Amino acid sequence: MVSAAAFCLLALVAFYVVRSVRIFCSLRRFGGHWSVGWSRLWLLRTQGSGQMHKRFTEVNNKYGSTARIGPSMLITTDPSLIRHMNAVCSPFTRGRWYSCLKLHPERENIVSLVDERKHTELRNRMIPGYSGRENQHLEQDVDTQLLKFFELINKKYVAVPESGIFRTIDLSRATSFFTLDTISQIAFGHTFGFLERDEDPFGYLENLEQFLPALIVFGVYTELSKILQMPLLKSALPKSTDKRGLGRAMGFARERVQERFGEKPVVRNDMLGSFIHRGLTQGELESETLTQITAGSDSTASSLRMTLHFICTTPPVRERLLGEVENAIGAGQITRPVIKDAEARELPYLQACIKEGLRLYPPITGLLAKLVPQTGCVINVDGVDKFVPGETQIAWNPWGVMRNSKIFGGDCEIFRPERWLPIDGSNSERDRVARMTETVLLCFGTGRFGCLGRGVALMELNKAVIEVSVEICWRDICA
Ligand code: HEM
């Protein structure tokens, strides 16, 4: 009896060792930290360190543009590989990593769906709503929220030095309030009321921060997501009946969806209206509205706050940007009180500042790992062809992509919007700027997984970067 048990144990250990050695060898041609071929602990520790973007970039700088970060996980800074994996006819699919983006306890959403057919079908039905074609109020809704943002600044944060009154605004929180109210307004015609109250009314942001470490763990140990289906753990997940946090946001989304159905349905030409028109079910809508809030708020807020930070703390940039807008106002080229999206796109220095902000601080740094097809594939790493076996996941490293000195220049570590302005009209200058532009836009993803909210995000940035700069700099609110 004992020897049978010992034999089973030995067989299990032998199986585990053989499997581990096989996995270790499968990617041994890719360099990386010594432990990553054997365990995922380095990956977990790195992702939880708060310095993940820098550590991954160190790995790519040291071991090559595609390097190993886990037993079956690579990470790349190669723009052409990222484009290839995302391309419409590519054999790569979303990897297991995406399962950690399932926010609703029962339902998948467009960001977490791994099944190719279901994802494409859902995406096609959602494109018109996100594009603004079926959302007549989009630009006006962004303007309304921006004006509320200024109302808040004027009411509470304007300094009166002659009376000895000096105030500071926490732009980090205020930009989140702005993007959260904007996304809820354009998505379903209601705001959460962050800007009106100048607070996080139901602890959403606080709860999101608590939730992120769990997301990291589930992204690394994807098999754990199965245990979330167990009744005891499921009951601990956010629910639409919760009074606070993510659950309250789910409840809010659910209420907005319910209003559109029933006896006296609310009819509105917004994103939700478009999705209903395209046949999304009530259940699908509840899950997608929650995704809109999470996908569309923190990302845009990050780039807005970082771009404003760089502008406010770089006096020559600030002066040049304000000079550009002053001239344009003088020439009657800018609508007041809020610039039109189309007008903002015509201001070269503003566009340079926005692109430089997105470059220096790409807002989405999650792994977004794609899965190598079953048959495996050969990828070129810095001139050397290497075989990658099927089932390997390849993550992206946007921080590293955006700090490629061959693309962005030797001073790529600093905020210098001037790099986006061609020095002359030569073809080489045009190609240099075009190459930088197509690379920076990778921060929105690309191809069949590209960000559906890119137009909305850029509209928010086009308006808010310039108008908030004007509001706080001309009023001397920023130091
Ligand atoms: C600066 C702001 C933003 C950035 C940098 C950004 C970036 C991204 C990235 C990297 C992806 C994932 C691509 C992949 O899976 O490979 C994505 C997907 C997505 N984003 Fe954004 N995003 C931003 C703002 C927004 C906004 C405002 C919305 C909503 C209005 C939005 C909605 C979505 C949706 C629905 C997807 C899923 C697309 C799909 O799976 O087909 N995003 N975004």
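Provided above is the structure to which this section pertains.
Fair warning: this is a prediction, and the values are worked out from it, not measured in the lab. Every chain begins its residue count from 1, and numbering advances along the sequence as written. For a predicted model such as this one, the threshold for reporting local features is a pLDDT of at least 70, and the threshold for listing and counting side-chain atom pairs is 80 or more; totals across whole chains, interfaces and linings nevertheless cover every residue. As a convention, hydrogens and water are excluded, and side-chain values are obtained from all of the structure's heavy atoms.

**Let's talk about the overall build of the protein chain**
For clarity, the threshold we go by: What counts as a helix is a DSSP run of H or I of at least four residues, what counts as a strand is a run of E of at least two, and both are numbered from the N terminus. In this treatment the radius of gyration is a C-alpha quantity, and the globule benchmark scales as 2.2 Å times the residue count to the 0.38 power. When a residue's accessible area, from a 1.4 Å probe over protein chains only, is under 20% of the maximum for its type it is buried; when over 50% it is exposed; and in between it is partly exposed. Throughout, a residue-residue contact means that at least one pair of heavy atoms, one from each residue, lies within 4.5 Å. Computed with a 1.4 Å probe, the accessible areas rest on the Shrake-Rupley method; for each residue, only the protein chains presented here act as cover. Charge counting follows a simple rule: Lys and Arg are positive, Asp and Glu are negative, and His as well as the terminal groups are ignored. In this description, the location of a charge corresponds to atom NZ of lysine, CZ of arginine, CG of aspartate or CD of glutamate.
Within the protein chain, the regular secondary structure consists of 20 helices and seven strands. Against the globule reference of 23 Å for 479 residues, the protein chain gives a C-alpha radius of gyration of 24 Å, in line with a compact fold. Considering only C-alpha atoms, the protein chain reaches an extent of 85 × 65 × 45 Å along its principal axes. Looking at the 479 residues of the protein chain, the share that counts as buried comes to 52%. Sequence-distant contacts, at least 24 apart, represent 71% of the contacts inside the protein chain between residues at least 6 apart. Accessible surface, the protein chain as shown: approximately 22600 Å² in total, 57% of it carbon and sulfur. Placing the 59 positive and 52 negative side-chain charges of the protein chain at their respective mean positions leaves the two points 7 Å apart.

**Some remarks on the site of the ligand**
Note the threshold: Only a single heavy atom is needed: when it lies within 4 Å of a molecule or strand, its residue is near that molecule or strand. Definition of a polar contact: a pair of N or O atoms within 3.5 Å, with one able to donate and the other able to accept a hydrogen when the atoms are protein atoms, and with sequence-neighbouring residues admitted only if both atoms are side-chain atoms. Under the scheme applied, nonpolar residues are Ala, Val, Leu, Ile, Met, Phe, Trp, Tyr, Cys and Pro; charged residues are Asp, Glu, Lys and Arg; polar residues are all the others, including Gly.
Around the ligand, the structure places 28 residues, and the nearest of them are Arg94, Tyr98, His119, Arg123 and Cys451. Between lysine 370 and the ligand, the recorded distance is 3.0 Å, taken from a side-chain N or O atom to an oxygen atom. Residue assignment for the shell around the ligand shows that the elements contributing at least two residues are α5 (116–131) and α13 (282–312). A per-element tally of the shell around the ligand places α13 first, with five residues. Along the lines of polarity and charge, the residues of the shell around the ligand split into 16 nonpolar, nine polar and three charged.

**Comments concerning the packing of helix α14 (residues 315–330) against helix α16 (residues 348–360)**
Keep this limit in mind: Between N-to-C directions, angles span 0 to 180 degrees; the directions come from axes that are lines fitted to C-alpha atoms, helices contributing only their stretch in contact. Angle categories are assigned with fixed cut-offs, so that under 35 degrees is roughly parallel, over 145 is roughly antiparallel, 65 to 115 is roughly perpendicular, and the rest are oblique.
In the contact formed by α14 and α16, the axes pass within 8 Å of each other and the chain directions differ by 140°. On the basis of the axis angle, α14 is oblique to α16. The residues of α16 that touch α14, namely those facing Val317, Arg320, Leu321 and Glu324, are Pro348, Tyr349, Leu350 and Cys353. Its residues assigned to classes, the contact of α14 with α16 shows six nonpolar, no polar and two charged.

**Some points on the coordination of the iron atom of the ligand**
To keep it simple, the criterion reads: As a rule, N, O and S atoms within 2.8 Å of a metal are its donors, except that Na, K and Ca use 3.2 Å; water is not among the atoms, so sites may look incomplete.
Among protein residues, the single donor to the iron atom of the ligand is Cys451 (SG), with a metal-donor distance of 2.3 Å. Relative to the helices and strands, cysteine 451 resides in the loop between α19 (427–440) and α20 (454–474).

**A closer look at the packing of aromatic side chains**
Which entries qualify depends on this criterion: What counts as a ring pair is set by centres within 6.5 Å for rings of Phe, Tyr and Trp (its six-membered ring), and what kind of pair is set by the plane angle: stacked under 30 degrees, edge-to-face over 60, tilted for all other angles. Charge over a ring is defined by NZ of Lys or CZ of Arg lying within 6 Å of the ring centre and within 35 degrees of the ring normal.
On inspection of all chains with the given rule, the structure shows 15 aromatic pairs. Summarising the aromatic geometry, the rings of phenylalanine 192 and phenylalanine 194 are spaced 5.6 Å apart at their centres and angled 80° between planes, so their arrangement reads as edge-to-face. For phenylalanine 192, a relative accessible area of 8% corresponds to the buried category. Centroid distance phenylalanine 194 to phenylalanine 202: 6.1 Å. Interplanar angle 55°. Geometry classified as tilted. Taken together through their ring pairs, the aromatic side chains of Phe177, Phe188, Phe192, Phe194, Phe202 and Phe252 make up a single cluster. Over the ring of phenylalanine 408 we find arginine 359; its NZ or CZ atom is 5.2 Å from the centre of that ring.

**A word on the pairing of strand β5 (residues 377–381)**
On a regular strand, each side chain points to the face opposite its neighbour's, so the side chains alternate between the two faces of the sheet. For the record, the criterion: DSSP-based pairing: two strands are paired if at least 2 bridges between them are found.
Where burial is concerned, the two faces of β5 differ: the one with Cys377, Ile379 and Val381 is buried and the one with Val378 and Asn380 is not. Across five bridges, the pairing between β5 and strand β6 (residues 384–388) is antiparallel. Its bridge partner lying in β6, valine 381 is registered against valine 384. Count of turn residues in the β5/β6 antiparallel hairpin: two residues, of which aspartate 382 carries a positive phi of about 50°.

**Some points on the packing of helix α11 (residues 245–259) against α13**
Test applied: The crossing is said to be left-handed when, going from far helix to near helix, the turn is anticlockwise and less than a right angle, and right-handed when the turn is clockwise.
Where α11 contacts α13, the two axes come as close as 9 Å, and the packing angle between them is 130°. The angle between the axes of α11 and α13 places the two elements in the oblique class. Relative to α13, α11 is oriented so that their crossing is right-handed. For the pair formed by α11 and α13, the contact residues are Leu246, Ala249, Met250, Ala253, Arg254, Val257 and Gln258 on the first element and Gln282, Leu285, Glu286, Thr289, Leu290, Ile293 and Thr294 on the second. Of the residues assigned to the contact of α11 with α13, the class counts are eight nonpolar, four polar and two charged.

**Quick word on a nonpolar patch on the surface**
This is how the line gets drawn: Patch definition: residues with relative accessible area over 30% and no salt bridge; like charges joined within 9 Å; nonpolar side chains (Val, Leu, Ile, Met, Phe, Trp, Tyr) joined within 5 Å. Criterion for a salt bridge: a side-chain nitrogen of Lys or Arg within 4 Å of a carboxyl oxygen of Asp or Glu.
A cluster of nonpolar residues, Leu9, Val13, Tyr16, Val17, Val21 and Trp38, forms a patch on the protein surface that exposes about 590 Å² of accessible area. As for its placement among the helices and strands, valine 21 is situated in helix α1 (residues 2–26).

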